[in-house]
Amino acid sequence: MTASGARSRTDRRQARPLTPLLIDSFGRVARDLRVSLTEKCSLRCTYCMPEEGLPPIPDAARMTTDEVVRLVGLAHRELGVHEVRFTGGEPLMRQDLERIIAGTRAQCPDLPIAMTSNGVGLEHRIGGLVEAGLDRVNISLDTVNRAEFAELTRRDRLPSVLRGVRAAVAAGLDPVKVNAVPMRATLHGAPDLLAWALAEGVQLRFIEEMPLDADNTWSRVEMVTAQEVLDSLSTRYELIPAGRDDPSAPAELWEVAGHFVDGRPATVGVIATVTRNFCAACDRTRLTAEGTVRSCLFSDDETDVLGVLRSGAPDSEIADVWRGAMWGKQAGHGIGGTAFHRPKRSMGAIGG
Ligand code: SAM
Ligand code: SF4
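Throughout, residues of each chain are indexed from 1 in the direction in which the sequence is written. Chains and ligands are labelled by the order in which they are written, letters from A for the one and numbers from 1 for the other. Local features in this predicted model are restricted to residues whose pLDDT is 70 or higher, and side-chain atom pairs enter the listing and the counts only when it is 80 or higher, whereas totals over whole chains, interfaces and linings include all residues. With hydrogens and water stripped out, all remaining heavy atoms of the structure feed into the side-chain values.

Further remarks concern the site of ligand 1. Near ligand 1, the surroundings consist of 18 residues, among which Tyr47, Gly89, Glu90, Ser140 and Met210 are the closest. Residues adjacent in sequence count toward polar contacts only when both atoms are side-chain atoms; beyond that, a polar contact is any pair of N or O atoms within 3.5 Å, and within protein one must be able to donate a hydrogen and the other to accept it. The backbone of Gly89 places a nitrogen or oxygen atom 3.0 Å from a nitrogen atom of ligand 1. In this description, accessible areas are obtained by the Shrake-Rupley approach with a 1.4 Å probe, and a residue is regarded as covered only by the protein chains that are shown. For ligand 1, whose accessible area on its own is 550 Å², the fraction buried by protein is 94%. For each residue, the test is whether any non-hydrogen atom lies within 4 Å of the molecule or strand; if one does, the residue is near.

To continue, consider the pattern of salt bridges. Definition used for salt bridges: Asp or Glu carboxyl oxygen within 4 Å of a side-chain nitrogen of Lys or Arg. Evaluation of the coordinates by the stated rule reveals 26 salt bridges. Of the charged contacts, one joins Arg77 and Asp315 as a salt bridge, the two residues approaching to 3.0 Å between their closest N and O atoms. Taken as a pair, Arg77 in helix H2 (residues 65-79) and Asp315 in helix H10 (residues 315-327) lie far apart in primary sequence, 238 residues in all. Relative accessibility decides the category of a residue: with a 1.4 Å probe and only protein chains considered, values under 20% of the type maximum give buried, values over 50% give exposed, and everything between is partly exposed. A relative accessible area of 19% means that Asp315 is categorised as buried. A salt bridge links Arg125 to Glu98; the shortest N-O distance between them is 2.6 Å. Comment: elements are numbered from the N terminus, with helices defined as DSSP H or I runs of at least four residues and strands as E runs of at least two.

Before going further, it helps to spend a moment on the environment of Leu21. In this structure, Leu21 sits in the loop between helix H1 (9-15) and strand E1 (22-23). Residue classification places Leu21 among the partly exposed positions, given a relative accessible area of 23%. Placed 61 residues apart in sequence, Leu21 and His82 show a C-alpha to C-alpha distance of 11 Å.

For the rest of this paragraph, the subject is the site of ligand 2. Taken together, Cys41, Leu43, Cys45, Cys48, Met49, Gly89 and Asn118 make up the full set of residues near ligand 2. Considered class by class, the residues forming the shell around ligand 2 number five nonpolar, two polar and no charged. Each residue gets one label: Ala, Val, Leu, Ile, Met, Phe, Trp, Tyr, Cys and Pro are nonpolar, Asp, Glu, Lys and Arg are charged, and the others, such as Gly, are polar.

In C-alpha cells form, the structure reads like this:
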C-alpha cells in the first residue's frame, strides 16, 4: 500500500461517503477511464519501452474481449465513468479490438469511445473500428523526420503512421489529435511537426516527458519543458494564449495566428505534466491489461478487479472493489520532490 501514507485502506473505506461515483479522499471524482489492452507494441519509443519490448503477459492473465467489455460496461453504468479510452502498449496489436469496441458500444450506446494509438497499420483498420463504434483517436507522433523517427522509436515506420493519420481524418473522426513527446534530439523539429499538423488539419499537443521510461534514463535536467517547446514553435509561428478546453483538461492551448482548420482558428496544445502539475484536477481511473485498477500513473498501488470478476462476483461487488481502490488515490505525482519514487512499471505497461 503506497498510496496514502498515514491512513490504512480500511480507514479510508470507512470514511468513504455513500456515493456510487469513483471519489477519492481528496474529493476528486474519476470519470475518465483508460484501459490498457496489451503490453505488446509495434514500436519501441525510447522514453517508454525497452529495446526488447516489455516482459510478455501470459495470455491467460490478459483481459479477454468479454472481460474488457464487462468491466467498461459496469464502470459506465455503476461508477459514473463517462468516457473510455483504449490504450496500451499498442491497442492495434489486439486482433479483437474491433470486437472490444463493438461490444462496448452495444452495452453503452452513449459512451464516447476513444483510442490512443501509434498509428502503425491504422489505415487498414480504421474503417472497421469506426464501424464498430470508435468516436475519437489520438495518434502519437514525435517528429516528421524519418531518420529521427526511426532513431526515437527504433523502427522505420514513419510512412505508415502518416498514412494512418490521413486515414483517420478521411474516416471522419473529428478531431484527430496528435500527441508528441518533445525530446532533446527532436526539439528543433517542433515547428516542422506543427507545419505538418496544420497542413493535415489535425490538433497537435506536446506532452512533457515523464519519468515513466523502462530504461530509467529520464532526468529532470535533460527533459524538454513546455516552455522550451513554446519557444521553439515561436521561432516560426505567432502563438496567442487560448486557455483550456475545460478546467480538468490538462492541455493549455495556443491559437496559431493566421492559420485555420475547417474555418476555425488552428490551435496547438502543451501539456506540462512535470513543470505545471495539474494533479488536483485529475479525473482518471485506469485498468491495466491484467485487469488491475490503478488510481494514478505514479502509484504502484494496484487492485485486482479481474480476479474478483473471475471469482464469479456480480457487477455490484466488482464496482465496490473499484470504488475502494480509487478512494486511496494519492494527492499527486510529486516529481521533483525529495519523496518521489519512480513507479515500478513503465508507461507502456500501465497504459498511457
Ligand atoms: N502505443 C500507443 C501510443 O503510443 O499512442 C498507446 C500507448 S502509449 C504508452 C500512450 C502515450 O503515452 C503516447 O502518446 C506516448 O507518447 C506517451 N508516453 C509514453 N511514455 C511517456 C513518457 N515517459 N512521458 C510522457 N508520455 C509518454
Ligand atoms: Fe509503443 Fe506507444 Fe510506448 Fe511508443 S509510446 S513504445 S508506440 S506503447
